There are 2 protein chains.
Amino acid sequence: MTAQPTESRRDELLAIAARLFAEKGFRNTTVRDIADAAGILSGSLYHHFDSKESMVDEILSTFQEELFGQYDAILASSDLDPLAKLEQAVLVSFEAIDKHRDEVAIYQNDAAYLLTFERFAYLGERNQQSRAVWLTLLQNGIDAGVLRDDLDLELTYRFIRDTIWVAVSWYRPGGRRTHTEIAKQYLSILLEGIHHG
Amino acid sequence: MTAQPTESRRDELLAIAARLFAEKGFRNTTVRDIADAAGILSGSLYHHFDSKESMVDEILSTFQEELFGQYDAILASSDLDPLAKLEQAVLVSFEAIDKHRDEVAIYQNDAAYLLTFERFAYLGERNQQSRAVWLTLLQNGIDAGVLRDDLDLELTYRFIRDTIWVAVSWYRPGGRRTHTEIAKQYLSILLEGIHHG
DNA sequence: GTCTATACCTAGATAGAC
DNA sequence: GTCTATCTAGGTATAGAC
């Protein structure tokens, strides 16, 4: 169980690749870009990974496993009421934007393209899973009488999903507001609206 | 003032290019893709346009001129109160998603990349202009006492901007809801929130 | 684990015939 | 206005030496 130098070099390269994929997009990042940033030559990358696709695959699947584990824990939790669960899901999502910005950005920008390959079909399944999570949270809130029941559920889900994840395009850690403060403002608008009174 | 065949062929090719740029992204669309879709060979495209960049340039600048003309008209209008102006701006934006889906999608997906070229600097200016429009609408609403004054204006602006334009990723004309119905649901959530009571 | 060298492919763009 | 033919640059990936 000691540190494995091989593993850490892999992770280092993956982190470099993730940063570049997030900044420039997957297609627009060349293996030479990644190698340059790592201080090696492009051919050397293929000692660690068998393709550029393998890199983004590992980056995204690792991240999603963690994120959906958190959603599952919230859904399964017995000491949160429906409203608290919804709030917690929003908070966890903004935390993901803070802690895993590159991964979220890659997913936002490149998932549609990657989905055209069979090997990334799991991204589509995760999409469905995410939809199920939010629809469940919303429906439970409606059933408990704490959320409006006159809204289109599907539209409301998209509204929430979009406003959360799109924040990765402008959120910068260390900025004027922490991710928690942003999440709370978002929740305030989402729950109470911007209308006065 | 008769029909100009040269002009209409140009427009036809631009529409084909816009559709492909919107579907696959600007970088991921090759000039051969465009030529194939138009039923000609790639070299022939250069009789009409001097580069792929010129095509997307013409597509985006034409669209933005129209959209910002509408925003300016709303801001200048004297028979709308602050709340009505805000609502009108949201409606006009969703109408743009309906009427100019390709252009909006291209802007959403590729503006960040295009902005790295000097020739597309005007996209950055349009960004600033858009921000000014929404901040003005919000501030006028707050001053008139119809909007909450306890929210971060900048965050609220981003919230509105993001929820509107990201809809282009899932909205399809002829779907279950018209763009006007979607705009009204969005306004309902934005103004009143999803909380019950 | 990295380098040298290179194969192979696809991209944007051009020149001149028709 | 379109075609044929082609140039050049830059991309992913590989093979084998060090």
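No experiment lies behind these values; they were computed from the predicted model shown.

Rules of the game
Residues numbered from 1 in each chain as written. Chains lettered and ligands numbered in written order. Predicted model: local features only at pLDDT ≥ 70, side-chain atom pairs only at ≥ 80, totals over all residues. Heavy atoms only, no water. Helix = DSSP H or I, 4+ residues; strand = E, 2+ residues; numbered from the N terminus. Buried < 20%, exposed > 50% of the residue type's maximum accessible area, 1.4 Å probe, protein only. Phe/Tyr/Trp six-rings, centres within 6.5 Å; stacked < 30°, edge-to-face > 60°. Lys NZ or Arg CZ within 6 Å of the ring centre and 35° of its normal. Contact = heavy atoms within 4.5 Å. Buried area = accessible area lost by both parts, 1.4 Å probe. Salt bridge = Lys/Arg side-chain N within 4 Å of Asp/Glu carboxyl O. Polar contact = N/O pair within 3.5 Å; in protein donor to acceptor, adjacent residues only side chain to side chain. Nonpolar A, V, L, I, M, F, W, Y, C, P; charged D, E, K, R; others polar. Near = heavy atom within 4 Å.

What follows is about the overall build of chain A. For chain A, the count of helices and strands is 9 helices and 0 strands. Ordered by position from the N terminus, the helices and strands of chain A form the series α-α-α-α-α-α-α-α-α. Taken over the C-alpha atoms alone, chain A extends approximately 60 × 40 × 35 Å along its principal axes. Within chain A, the fraction of its 197 residues that count as buried is 48%.

The next point concerns the packing of aromatic side chains. All told, the structure shown has 17 aromatic pairs over all chains when counted by the stated rule. When the centroid spacing of 6.5 Å and the interplanar angle of 35° are considered together, the rings of Phe26(B) and Tyr113(B) count as tilted. In this pair, Phe26(B) is assigned in the loop between helix H1 (5-24) and helix H2 (31-38) and Tyr113(B) in helix H6 (residues 101-114), connecting sequence segments 87 residues apart. Among the residues examined, Phe26(B) registers a relative accessible area of 4% and is labelled buried. The class of Tyr113(B) is partly exposed, set by a relative accessible area of 23%. Ring-pair connections join several aromatic residues into one group, and the members of that group are Phe94(A), Phe159(A), Tyr186(A), Phe94(B), Phe159(B) and Tyr186(B). One Lys or Arg, Lys52(A), reaches over the ring of Phe26(A) and ends 4.5 Å from the middle of that ring.

Here we take up the interface of chain A and chain B. Tallying the contact residues gives 37 residues for chain A and 38 residues for chain B. For the chain A and chain B pair, buried surface summed over both sides reaches about 3,800 Å², with 60% attributable to carbon and sulfur atoms. It is Arg148(A), Phe159(A) and Ile194(A) in chain A that bury the most area against chain B; as a group they hold 20% of the surface buried on that side. Taken together, chain A and chain B are joined by 4 salt bridges. Across the pair Asp152(B) and Arg176(A) runs a salt bridge, and its minimum N-O distance is 3.3 Å. Taken together, the connections running from chain A to chain B amount to 25 residue pairs in polar contact (both at pLDDT 80 or more). Of all the secondary-structure elements, those providing two or more residues to the side of chain A that touches chain B are helix H5 (82-99), helix H8 (153-165) and helix H9 (179-192) of chain A. Along the lines of polarity and charge, the residues of the side of chain A that touches chain B split into 17 nonpolar, 9 polar and 11 charged.

Inspection of the region around DNA strand C gives 15 residues, with Leu41(A), His47(A), Val31(B), Tyr46(B) and Lys52(B) positioned closest. Here the atoms of DNA strand C within 4 Å of the protein split so that 62% fall in sugar or phosphate, with bases taking the remainder. A distance of 3.0 Å separates a base nitrogen of DNA strand C from a polar side-chain atom of Arg32(B). When contributions to the surface near DNA strand C are tallied by element, the ones reaching two or more residues are helix H1 (5-24) of chain A together with H2 of chain B. A breakdown of the residues in the surface near DNA strand C according to their chemical character gives 4 nonpolar, 8 polar and 3 charged.

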